Amino acid sequence: MTDTPSSGLHVRIVDHPLTRAWLSVLRDEATDNAAFRNALARLAQMLVYEAFADAPERPLQVRTPVGEASCSRLASTPLFVPVLRAGLGMLDAALAAVPEAGIGLVGVARDETTAMPTEYLASLPQDLTGRPVCVLDPMLATGGSLAHTLDLLVARGATDLTAICVVGAPEGLDALRAWGGSLRLVIGAVDERLNEAKFIVPGLGDAGDRQFGPR
Ligand code: PRP
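All values reported here derive from a predicted model rather than from experimental measurement.

Conventions and cut-offs
- Residues numbered from 1 in each chain as written.
- Predicted model: local features only at pLDDT ≥ 70, side-chain atom pairs only at ≥ 80, totals over all residues.
- Helix = DSSP H or I, 4+ residues; strand = E, 2+ residues; numbered from the N terminus.
- Rg over C-alpha atoms; globule rule 2.2 N^0.38 Å.
- Buried ≥ 20, exposed ≤ 12 C-beta atoms within 10 Å, placed from the backbone.
- pLDDT = per-residue confidence, 0-100.
- Contact = placed C-beta atoms within 7 Å.
- Axes fitted to C-alpha atoms, helices over the stretch in contact; angles between N-to-C directions.
- Parallel < 35°, antiparallel > 145°, perpendicular 65-115°, else oblique.
- Left-handed = near helix turned anticlockwise from the far one by under 90°.
- Nonpolar A, V, L, I, M, F, W, Y, C, P; charged D, E, K, R; others polar.
- Core = buried A, V, L, I, M, F, W, Y, C linked by C-beta atoms within 7 Å.
- UniProt positions renumbered as here; feature names shortened; annotations may be inferred.
- Pairing = 2+ DSSP bridges.
- Right-handed = clockwise from strand over helix to strand, strands pointing away.

### Topic: the overall build of the protein chain
Stage number 1. Each helix and strand in the protein chain was counted, giving six helices and 13 strands.
Stage number 2. Scaling as 2.2 N^0.38, a compact globule of 215 residues should have a C-alpha radius of gyration of about 17 Å, and the protein chain matches this with 17 Å.
Stage number 3. C-alpha extents for the protein chain along the principal axes are approximately 60 × 35 × 25 Å.
Stage number 4. Counting across all 215 residues of the protein chain, residues that qualify as buried make up 35%.

Shown next as structure tokens:
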């Protein structure tokens with residue numbers, strides 16, 4: 001969330017001993033639903049922290065018990081947009097870091113045979129002009145769901161766009177480049193490839209199913 005986002009895709013891979021440790025929990029097929037939800041929230045907290053590393057600030061003076069301190073707050077109030085279902089597991093962590101943020105909801109389900117996104121919910125402010133928007137979705141596979149979500153946001157005037165993902169495939173990054181708009185992508189890891197079913201390999205399976213059970 002920099003002042004003047006330049007065009008194109010800007011990727012920040014967050015590779016840190018703690019992010020790798022939580023990602024290991026998420027990847028492990030033996031991790032149950034409750035432990036998966038917890039690990040996703042913990043990792044999301046770290047990714048959100050990184051996503052705001054360059055956020056513009058507004059200075060303010062604060063009176064402490066013993067004097068005056070030069071402090072700051074975020075310059076503008078972001079909108080978090082979790083992509084349902086899987087992105088819901090990142091929302092509480094994002095709000096814990098930025099409690100004043102707004103929330104928009106997008107529901108997109110990937111067709112299991114074609115892997116194409118089908119939208120079933122778009123609950124967003126009509127005007128996003130000038131508002132920093134941060135999309136939350138753990139998985140970037142073909143990139144179709146994220147590109148669809150970004151189109152919804154751009155159609156409402158959003159230009160300051162960040163996506164926070166846990167794991168992606170090179171194919172998904174290519175799709176975001178082809179999408180063509182200006183986007184910061186903050187991501188925990190970029191894996192090898194997609195398999196025939198368009199699942200990320202090695203990935204972590206289906207992040208929606210692993211949190212909430214099969215649809
Ligand atoms: C998964 C995931 C992303 C999308 C990624 O959601 O959470 O939203 O697929 O795939 P893509 O990059 O190829 O579009 P899914 O459609 O399985 O829905 P769910 O979150 O409700 O499980």
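So, next bit.
### Details of the confidence of the model for the protein chain
Stage number 1. Taken over all residues, the pLDDT of the protein chain has a mean of 96, while the share at 70 or more is 97%.
Stage number 2. Predicted confidence for residues 1-5 stays below pLDDT 50, and this span has twelve contacts to residues more than four positions away or in other chains.
Stage number 3. The ipTM assigned to the predicted complex is 0.98, against a pTM of 0.96.

### Regarding the packing of helix 1 (residues 17-27) against helix 2 (residues 33-51)
Stage number 1. Where helix 1 meets helix 2, the closest approach of the two axes is 9 Å, and the angle between their N-to-C directions is 155 degrees. As the angle between them shows, helix 1 and helix 2 are arranged roughly antiparallel. Remark: the crossing between helix 1 and helix 2 carries left-handed chirality. Residues Leu 18, Thr 19, Trp 22, Leu 23, Val 25 and Leu 26 of helix 1 lie in contact with helix 2, whose contacting residues are Ala 35, Phe 36, Ala 39, Leu 40, Arg 42, Leu 43 and Met 46.
Stage number 2. Residues of the contact of helix 1 with helix 2, tallied by class, amount to eleven nonpolar, one polar and one charged.

### Here's the deal with the nonpolar core
Stage number 1. Residues Leu 26, Leu 43, Val 133, Val 135, Leu 136, Ile 164 and Cys 165 are the most contacted members of the largest nonpolar core, which totals 50 residues.
Stage number 2. Counting residues per element, this core draws most heavily on helix 2, which supplies eight residues.
Stage number 3. Sequence-distant contacts of Val 135, defined by excluding residues within four places in its chain, comprise Val 81, Val 83, Leu 146, Thr 149, Ala 163 and Ile 164.

### Digging into the UniProt feature "domain: Phosphoribosyltransferase" (unreviewed entry) in the protein chain
Stage number 1. Look at the UniProt record and you will see "domain: Phosphoribosyltransferase" (unreviewed entry) annotated at residues 14-213.
Stage number 2. In residues 14-213, helix accounts for 34% and strand for 32%; the two terminal C-alpha atoms are 28 Å from one another.

### Focus: the environment of Glu 119
Stage number 1. Locating Glu 119 in the fold gives a position in strand 7 (residues 117-123).
Stage number 2. Once the C-alpha coordinates of Glu 119 and Leu 84 are considered, the two residues, 35 residues apart in sequence, prove to be 9.9 Å apart.
Stage number 3. When near neighbours in sequence (up to four residues on either side) are disregarded, Glu 119 contacts Gly 107, Val 108 and His 148.

### As for the pairing of strand 4 (residues 79-84)
Stage number 1. Most of strand 4 is tucked away: five of the six residues are buried.
Stage number 2. Where strand 4 and strand 5 (residues 102-103) come together, two bridges link them in parallel fashion. Each bridged residue has a counterpart across the sheet, and for Leu 79 the counterpart in strand 5 is Gly 102.
Stage number 3. Between strand 4 and its parallel partner strand 5, the chain crosses via helix 3 (residues 88-97), and the hand of that crossover is right-handed.
Stage number 4. As paired strands, strand 4 and strand 8 (residues 133-136) are joined by four bridges and run parallel to one another. Within strand 8, the position partnered with Val 81 by the bridge is Val 135.
Stage number 5. Both strand 4 and strand 6 (residues 105-110) contribute to a ladder of two bridges, which runs parallel. By the bridge assignment, Val 83 is partnered in strand 6 with Val 106.

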